[in-house]
Amino acid sequence: EASKKSSYEITTLTTWLLKQEQAGTIDGEMTIVLASISTACKQIASLVQRAPISNLTGVQGAVNVQGEDQKKLDVVSNEVFSNCLKSSGRTGVIASEEEDVPVAVEESYSGNYIVVFDPLDGSSNIDAAVSTGSIFGIYSPNDECLADIADDQNNETPLSARVCLQLDQVEQRCIVSVCQPGSNLLAAGYCMYSSSVIFVLTIGTGVYVFTLDPMYGEFVLTQEKVQIPKAGKIYAFNEGNYALWDDKLKSYMDSLKEPGPSGKPYSARYIGSLVGDFHRTLLYGGIYGYPRDQKSKNGKLRLLYECAPMSFIVEQAGGKGSDGHQRILDIMPTEIHQRVPLYIGSVEEVEKVEKFLA
Ligand code: AHG
Ligand code: MN
Ligand code: MN
Ligand code: MN
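The model shown is predicted, which means the values in this text are computed figures rather than measured ones. (Residues numbered from 1 in each chain as written. Chains lettered and ligands numbered in written order. Predicted model: local features only at pLDDT ≥ 70, side-chain atom pairs only at ≥ 80, totals over all residues.)

*Asks:* Explain the site of ligand 1 residue by residue, including any values.
*Replies:* Looking at ligand 1, the residues that line it are E68, E97, D118, D121, G122, S123, S124, N238, G272, S273, L274 and K300. Looking at the shell around ligand 1 residue by residue, the classes come out as one nonpolar, six polar and five charged. (Near = placed C-beta within 6 Å. Nonpolar A, V, L, I, M, F, W, Y, C, P; charged D, E, K, R; others polar.)

*Asks:* Lay out the pairing of strand β10 (residues 197-202) with the relevant residues and their values.
*Replies:* For β10, a buried count of six out of six residues is recorded, marking the element as mostly surrounded by other parts of the structure. Of the two faces of β10, the one holding V197, F199 and L201 and the one holding I198, V200 and T202 are both buried throughout. In textbook terms, the turn of a hairpin is the stretch between consecutive antiparallel strands, and for strand β9 (residues 187-193) and β10 this stretch comprises three residues. In the sheet, β10 pairs with strand β11 (residues 207-213) via five bridges, with the strands oriented antiparallel. Of the residues in β11, the one forming a bridge with I198 is T211. In textbook terms, the turn of a hairpin is the stretch between consecutive antiparallel strands, and for β10 and β11 this stretch comprises four residues, one of which, G204, has a positive phi near 90°. (Buried ≥ 20, exposed ≤ 12 C-beta atoms within 10 Å, placed from the backbone. Helix = DSSP H or I, 4+ residues; strand = E, 2+ residues; numbered from the N terminus. Pairing = 2+ DSSP bridges.)

*Asks:* Now, about the UniProt feature "domain: Fructose-1-6-bisphosphatase class 1 C-terminal" (unreviewed entry) in the protein chain: what can you tell me, with residues and values included?
*Replies:* Feature annotation in UniProt places "domain: Fructose-1-6-bisphosphatase class 1 C-terminal" (unreviewed entry) on residues 228-357, given in this structure's numbering. Here residues 228-357 runs as 35% helix and 12% strand, with 23 Å between its end C-alpha atoms. (UniProt positions renumbered as here; feature names shortened; annotations may be inferred.)

*Asks:* So what about the sheet that holds strand β15 (residues 287-290)? Which residues, and what values?
*Replies:* The five strands are arranged β14-β13-β15-β17-β16 in an open sheet whose pairing can be described as mixed. Edge positions in the sheet fall to β14 (267-268) and β16 (320-322), since each of these pairs with one other strand and no more. Sitting on the sheet, helix α6 (residues 274-284) touches β13 (234-236), β15 and β17 (342-345), and the angle it makes with β15 is about 150°. (Contact = placed C-beta atoms within 7 Å. Axes fitted to C-alpha atoms, helices over the stretch in contact; angles between N-to-C directions.)

*Asks:* Report on the pairing of β17, specifying residues and quantitative values.
*Replies:* Covered by surrounding structure in β17 are L342 and I344 together with Y343 and G345, the residues of both alternating faces. Strand direction decides the pairing type here: β15 and β17, joined by four bridges, are antiparallel. Note that in β17 the partner of G289 across the bridge is Y343. Of the strand pairs in this sheet, β16 and β17 are connected by three bridges, and their pairing is antiparallel. Paired with S322 across the strands is Y343, a residue of β17.

*Asks:* Describe in detail the environment of K71, supporting the description with residues and values.
*Replies:* Considering the arrangement of structural elements, one finds K71 in strand β2 (residues 69-71). A tally of 22 C-beta atoms within 10 Å means that K71 is categorised as buried. Counting along the chain gives 50 residues from K71 to D121, while the straight-line C-alpha distance between them is 11 Å. In this view, K71 contacts G58, V59, Q60, S123 and I126; residues no more than four positions away in its chain are not counted.

*Asks:* Run through the confidence of the model for the protein chain, naming residues and quoting values.
*Replies:* Averaged over the protein chain, the pLDDT score is 89; the fraction of residues at 70 or greater is 87%. Looking at the elements of the protein chain, mean pLDDT is at its lowest for helix α4 (residues 159-162), recorded as 42, and at its highest for β17, recorded as 99. Contacts from residues 145-152, a stretch scored under 50 in pLDDT, to residues over four places away or in other chains number 17 contacts. As a predicted assembly, this complex carries a pTM of 0.92 together with an ipTM value of 0.98. (pLDDT = per-residue confidence, 0-100.)

*Asks:* I'd like a description of the environment of W16, backed by residues and values.
*Replies:* Of note, W16 is situated in helix α1 (residues 13-22). Linking W16 and T31, residues 15 residues apart in sequence, is a C-alpha distance of 9.8 Å. Apart from residues no more than four positions distant in its own chain, W16 is found in contact with T11 and L221.

*Asks:* Requested: an account of α6, with residues and values cited.
*Replies:* With nine of eleven residues buried, α6 is to be regarded as a mostly interior element. All of the buried residues along α6 are L274, V275, G276, D277, F278, H279, R280, T281 and L282. The positive-phi residue at the C-terminal boundary of α6 is G285, with phi of around 85°.

*Asks:* If you had to explain helix α8 (residues 347-357) to someone new, which residues and values would you point to?
*Replies:* Those residues of α8 not exposed but buried are E349, V350 and V353. Here the buried residues of α8 occupy an arc of 95° about the axis, which is enough to place them on one side. Where the residues of α8 are buried, they touch α5 (247-256), β15, β16 and β17. (Arc of directions from axis to C-beta.)

Shown next, in the form of structure tokens:
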């Protein structure tokens, strides 16, 4: 199809979204939510690029609910993301890495969609101008998630922090929640702030890649129906944690370093930004892993706004996302900021690590 286009014809994210809406793949509310996320990403891209000039490097001074030192740009990006979603008028609930509990959109005219996001991923890289990103996932509210307040009396973590946002005082139950497995995701994507600004999106019909054209200020469609290679010779793990891993994982890692029939072992690549490491894995094949270890029993990455959206994307591209034993998208979250081990990438590479861990 691309060859039939005249050289002046481009598909922007906006026109692509409108086409999807016309085709009935997404509704008007989803179109607006996705458009407002892309606006947030453009704004964050510009803040990230200008950070050293506008004094936006360094730490903010606060610690987020997960015990991480917040960078100034973590806080600013969270605000930009939330504001864009709130002002879209089409989002009901937002849950962010940088917020303690999910936030209801208070505006009198708000929509239904639940958006989970990591406003700035890889923020430890930000002061060195290394790639970072934003990750998001979109759910519908789910009645099956209604939880009884009665269940809540004996629990240490309040229900609101675990799964829900508002309590319906009459019905005495949670009426809005994000306690849904990734398999319920309607859309997921990320924006990578790198040598190019890349917006990757799936609405369940394959993976589409858009590149920010600095001349037009628009995301332009640059790759459609991306397929991840079935296997790949690149691995991305933080091997500094090797001594803390269990023996099965150590032998997997050792096996990658043995030159196979080709006489060449795997190559190591690790940025320390999930978005950057994932994007390379999507295009070149291979595996990204963040295992559990002696210090972090569930690994480091968060199920709701890191592992699940990336797993939806990778599956849409023909790859696999696993916690080492089961499909990430099947895991039912019990807490907003729940962490899980992650192995993601080419099917054959993820199945290989699963065999070692079995
Ligand atoms: P965030 O910056 O959103 O807190 O996420 C950081 C994550 C992820 O981006 C990255 O893959 C991983 O942390 C790197 O962790 P290590 O520094 O432990 O390797
Ligand atoms: Mn963080
Ligand atoms: Mn992150
Ligand atoms: Mn983050």
